[in-house]
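What follows is the residue order along each chain.
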Amino acid sequence: MFNKFLTYIAQTSDTPLGLEIDYAEGPFLFTKKGKRFVDFISGIAVSSLGHRHSKVVEAIHKQVDKHLHVMVYGEFVQQPQIDFAELLTSNLPKKLGQIYLVNSGTEATEGALKLAKKYTGRTKLIGFKNSYHGDTHGSLSVTGREVYRDPYLPLLPDVHFLAFNSSANLELIDEKTAAVIMEPIQGEGGIIPAEKEWLQKIRKRCDEAGALLIFDEIQSGFGRTGKLFAFEHYEVVPDILCIAKAMGGGMPIGGFVSSKEIFQSFKYDPPLNHVTTFGGHPVSSAAAHANLQELLSGGYLDRASDIEQKVRSKLKGKGIVEVRGMGAMLGLQLESRELTKNVVEKCFKQGILLGWTLHSNTLIRLAPPLIIEDELLNEVLDSILEAVERHS
C-alpha cells in the first residue's frame, strides 16, 4: 500500500509520516496494522470534536439520502447552507451577518481579498511577518514567510508586511489600503497571540484609513481558543472573517463572513464576479451545522480553557522554554531543534501524534480534540514531559 501511495499520490516531502489509516474514532487513529495513535493535533485543528462525531455522521447520512451537488453556489436554495449560516451569524456580531461558503481555508482567504479590493476599489494589501494564510497565489501573496513565498515569486504586487505585535510603520495602513489581513493568533508562525492593545490600534488605524480588517481564524476558530472565535478575546470585530478547518467536523468546507453591505459588491460590475462550483456543498454544510450545534451546546468552549490550564500546569521544567497560545491552540517551545525532534519521535513511537515541522524547529504544536477526557489528556502530557526530561 505504501509503495502505491508513493507511486500514485503526488508527494510534498521526501519523508511523509506514511501511516496507513484504517479508521478513526474520537481522539484516536487506527492503522492497518492495528496500532492506535492519539491524534493530539486534531488533523491540524480540524477534528475539534474528535473523529466521526456521532451527530456529525448522522447529519451527513441524512443529507446524502436527500441530494448531493445540485447547482453552482448561490443559485438554488439549499436548506443545509441556510441552517448553518443562520446558526453561525446568530452567534456573531451584527456586522458579520452573511457568509460566502467555499471549500477550504485558502479559498476563504482568496475570496476575502477579492471582496476587500472590490468593495474599496483599492489594491494595496497589508500583511504581517511570519503569518500564514494558505498556499494559493493570493493567499501566499499575503503570507509573511519567505520559505513559502520565494519559490513562487513574483506574487501579487503592492503587498506590504508589518511586524506582528509592533506599532512601528502603522502609517503604511493608508487611504490606498484595501485591507489588512492577519491572524489574531499566528499559527504556523509559532502560536503567537496578538497583544490586545496593539490589535485595537490596528482596528482604529483601519477605521481612520477606510481599510477593511480581515481576520484569518481558519485555525483559531470554532472553540479552539476558549471562545467561538479568537477575536472575542480582544473586543475587536473584523470587517471580514475567514473560517474553515474545524468548521465541518471533518468535512471539507470554508467560508468568509462579512456584512450584507460589503457583499453587495460581488453582485455588480459584473454580476457573478466571484463564483464557486462546490462551495457550500450540501453534505459539508449539513456536517458544519451539526458540528456547530454540538460545539455551542456541549460545553466545549470551557473545555478548551480547561485543557490549557492542564497543559500549562503539567509541561514545566528542564528543556521547556514556555507554553504559549490560548485554549487548546498551544505551542510548546523547547530549547533546541534536536530536543524537539527527539520528543516528537519518541511520542510517535508511543502512539502520540504531535505537530512539528522543519519550519518551526523548536516548537511542538498542541491542538488536542476538545472531546479528550482527562485521563487520556494526562497520559499524553506525562509522556511528553517524560520524553523532554529524557532527552534534555
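Our subject in this report is the structure included herewith. Position numbers for residues start from 1 in each chain and track the written sequence from start to end. Reporting in this predicted model follows two pLDDT cut-offs: at least 70 for local features of residues, and 80 or more for side-chain atom pairs to be given and counted; totals over whole chains, interfaces and linings ignore these cut-offs and use all residues. Think of the side-chain values as coming from all heavy atoms in the structure, minus any hydrogens and water.

Concerning the sheet that holds strand S3 (residues 36–39)
- One open sheet holds the four strands; their spatial order is S1-S2-S3-S16, and the pairing between them is mixed. Each edge of the open sheet carries a strand with a single partner, namely strand S1 (21–25) and strand S16 (352–353).
- Two elements, S3 and S16, share two bridges in a ladder whose sense is parallel. The residue of S16 that forms the bridge with Asp39 is Leu353. The criterion for strand pairing is that DSSP finds at least two bridges linking the strands in question. Secondary structure elements follow DSSP: runs of H or I of four or more residues count as helices, runs of E of two or more count as strands, with numbering from the N terminus.

Examining a nonpolar patch on the surface
- Exposure above 30% relative accessible area and the absence of a salt bridge qualify a residue for a patch, where like charges join within 9 Å and nonpolar side chains (Val, Leu, Ile, Met, Phe, Trp, Tyr) within 5 Å. Only the protein chains shown count as cover for residues, and all accessible areas are computed by the Shrake-Rupley method using a 1.4 Å probe. Salt bridges are counted wherever a side-chain nitrogen of Lys or Arg sits within 4 Å of a carboxyl oxygen of Asp or Glu. A surface patch of nonpolar side chains, amounting to about 490 Å² of accessible area, comprises Phe2, Phe5, Leu6, Tyr8 and Ile9.
- Residue position: Phe2 is located in helix H1 (residues 2–8).
- Accessibility here uses a 1.4 Å probe with only protein chains present; expressed as a share of the type maximum, an area under 20% marks a residue as buried, one over 50% as exposed, and anything in between as partly exposed. Given a relative accessible area of 31%, Phe2 falls into the partly exposed group.

Details of the state of the cysteines
- In plain terms, two cysteine sulfur atoms within 2.5 Å form what is called a disulfide here. With the rule as written, the count across this model stands at zero disulfides.
- Counting only cysteine sulfurs, Cys242 is the nearest neighbor of Cys206, a cysteine outside any disulfide, at a range of 14 Å.

Notes on the nonpolar core
- Put simply, a nonpolar core is a bunch of buried Ala, Val, Leu, Ile, Met, Phe, Trp, Tyr and Cys residues held in one set by side-chain atoms that sit within 4.5 Å of each other. In terms of nonpolar packing, the biggest core is built from 104 residues, with Phe40, Phe222 and Ile384 touching the most fellow members.
- The element contributing the most residues to this core is helix H13 (residues 374–391), with eight residues.
- Excluding residues within four positions of it along the chain, Phe40 makes contact with Ile352, Leu353, Leu354, Leu366, Ala367, Pro368, Ile372, Leu377, Val380, Leu381 and Ile384.
- Core analysis: the next-biggest nonpolar cluster, separate from the first, contains five residues, Ala24, Phe37, Ile41 and Leu353 among them. Should any heavy atoms of two residues lie within 4.5 Å, those residues are considered in contact.

Some thoughts on the environment of Gly223
- When you line up the elements, Gly223 lands in the loop between strand S11 (212–216) and strand S12 (240–243).
- Considered as a pair, Gly223 and Phe5 are 218 residues apart in the sequence and their alpha carbons are 34 Å apart.
- If near-sequence neighbours (up to four positions away) are discounted, Gly223 is found in contact with Leu228, Leu301, Ala304 and Leu370.

A few points about the environment of Ser104
- By secondary structure assignment, the location of Ser104 is in the loop between strand S4 (98–102) and helix H5 (105–120).
- Put simply, Ser104 and Gly18 are 86 residues apart on the chain and 23 Å apart in space, counted from C-alpha to C-alpha.
- For Ser104, the residues in contact, after removing those within four places along its chain, are Ala244, Ile253 and Gly254.
- At a separation of 3.4 Å, a polar atom in the side chain of Ser104 contacts the main-chain amide nitrogen of Glu107. Two N or O atoms count as a polar contact when they lie within 3.5 Å, although within protein this holds only if one can serve as hydrogen donor and the other as acceptor, and sequence-adjacent residues are included solely when both atoms are side-chain atoms.

Brief notes about unusual backbone geometry
- Note the cis peptide between Leu153 and Pro154, where omega equals 0 degrees.
- In this structure, Pro154 sits in the loop between helix H7 (146–149) and strand S7 (159–162).
- Positive phi, normally seen in glycine, also occurs at Lys245, with a value near 40 degrees.

Quick word on the sheet that holds strand S15 (residues 329–334)
- With antiparallel pairing, three strands are arranged side by side in an open sheet as S14-S15-S17. Looking along the sheet, the strands with just one partner apiece sit at the ends: strand S14 (320–326) and strand S17 (363–366). Within the sheet, the average angular offset between the axes of one strand and its neighbour, ignoring direction, is 20 degrees.
- Looking at chain direction, S15 and S17 are connected through four bridges and run antiparallel. Pairing of Leu332 across the sheet is with Ile364, part of S17.
- Axis definition: a line fitted to C-alpha atoms, limited for helices to the stretch in contact. Angles are taken between N-to-C directions and run from 0 to 180 degrees. Seen against the sheet, helix H11 (residues 300–314) touches S14, S15 and S17 and runs at an angle of roughly 175 degrees to S14.

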